[in-house]
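Listed here are the chains, written in short residue letters.
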Amino acid sequence: MKKDYIMVGKEDWTDKELKELRSRNIDFSDIPELTPQFLEMFKRVVPREHYKVVPVKKAISIKLDADVLEYYRSKGKGYQTRINKILRKEMLRETAPSYGKERDTPEINEDP
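In this report, we go over the structure that sits alongside the text. Remember, it's a predicted structure, so these values are computed and weren't measured experimentally.

To continue, consider the overall build of the chain. For the chain, the helix and strand inventory stands at 4 helices and 0 strands. Moving toward the C terminus, one meets the helices and strands of the chain in the order α-α-α-α. When each of the 112 residues of the chain is scored for burial, the buried share is 4%. Counting every atom, the chain has about 12,500 Å² of accessible surface; 55% of that belongs to carbon and sulfur.

Here you go:
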């Protein structure tokens, strides 16, 4: 069975596959030479779905109410991560823009 496609990113080419590729007589004359100066124009881009921001973790000592701590510990392994997620959610809620929410300061009525 003859393969009519090339596997991009394949690193373990067999001698037979390399010989077949070289025998195709592909015309590369219209492709610019890849000089170091030419390659400097390009910038590596990482697709967003592969880019993950991981916040820096910092070890601290914190005092929690005993019942709060026991509640999260009782849920099993990862209780500190769960507590962190809850704190992050609250932080984001507090710092989110207040579009459409009532203002804390009363509006001044301009009509006498």
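This brings us to unusual backbone geometry. Despite not being glycine, N25 has its phi angle at roughly 50°, a positive value. Summarising the element assignment, N25 is placed in the loop between α1 (15-22) and α2 (36-39).

On inspection of all chains with the given rule, the structure shows 2 aromatic pairs. With a centroid separation of 5.3 Å and 70° between ring planes, the pair formed by F38 and F42 is classed as edge-to-face. Where Y71 meets Y72, the ring centres are 4.9 Å apart and the plane angle is 85°; that geometry is what we call edge-to-face. A residue is classified by how much of its surface remains accessible, and Y72, at 17% relative accessible area, is buried.

To continue, consider the environment of E20. For E20, the location among the structural elements is in helix α1. A residue is classified by how much of its surface remains accessible, and E20, at 32% relative accessible area, is partly exposed. At 3.4 Å, the side chain of E20 forms a polar contact with the side chain of R24.

A grouping of L34, L39, M41 and F42 is seen on the molecular surface, where their side chains present a nonpolar patch of about 470 Å² in accessible area. Looking at the secondary structure, you find F42 in the loop between α2 and α3 (66-74).

Basis of the calculations
- Residues numbered from 1 in each chain as written.
- Predicted model: local features only at pLDDT ≥ 70, side-chain atom pairs only at ≥ 80, totals over all residues.
- Heavy atoms only, no water.
- Helix = DSSP H or I, 4+ residues; strand = E, 2+ residues; numbered from the N terminus.
- Buried < 20%, exposed > 50% of the residue type's maximum accessible area, 1.4 Å probe, protein only.
- Areas by Shrake-Rupley, 256 points an atom, 1.4 Å probe, with all protein chains shown as cover.
- Phe/Tyr/Trp six-rings, centres within 6.5 Å; stacked < 30°, edge-to-face > 60°.
- Polar contact = N/O pair within 3.5 Å; in protein donor to acceptor, adjacent residues only side chain to side chain.
- Patch = residues over 30% accessible without salt bridge, like charges linked within 9 Å, V, L, I, M, F, W, Y side chains within 5 Å.
- Salt bridge = Lys/Arg side-chain N within 4 Å of Asp/Glu carboxyl O.

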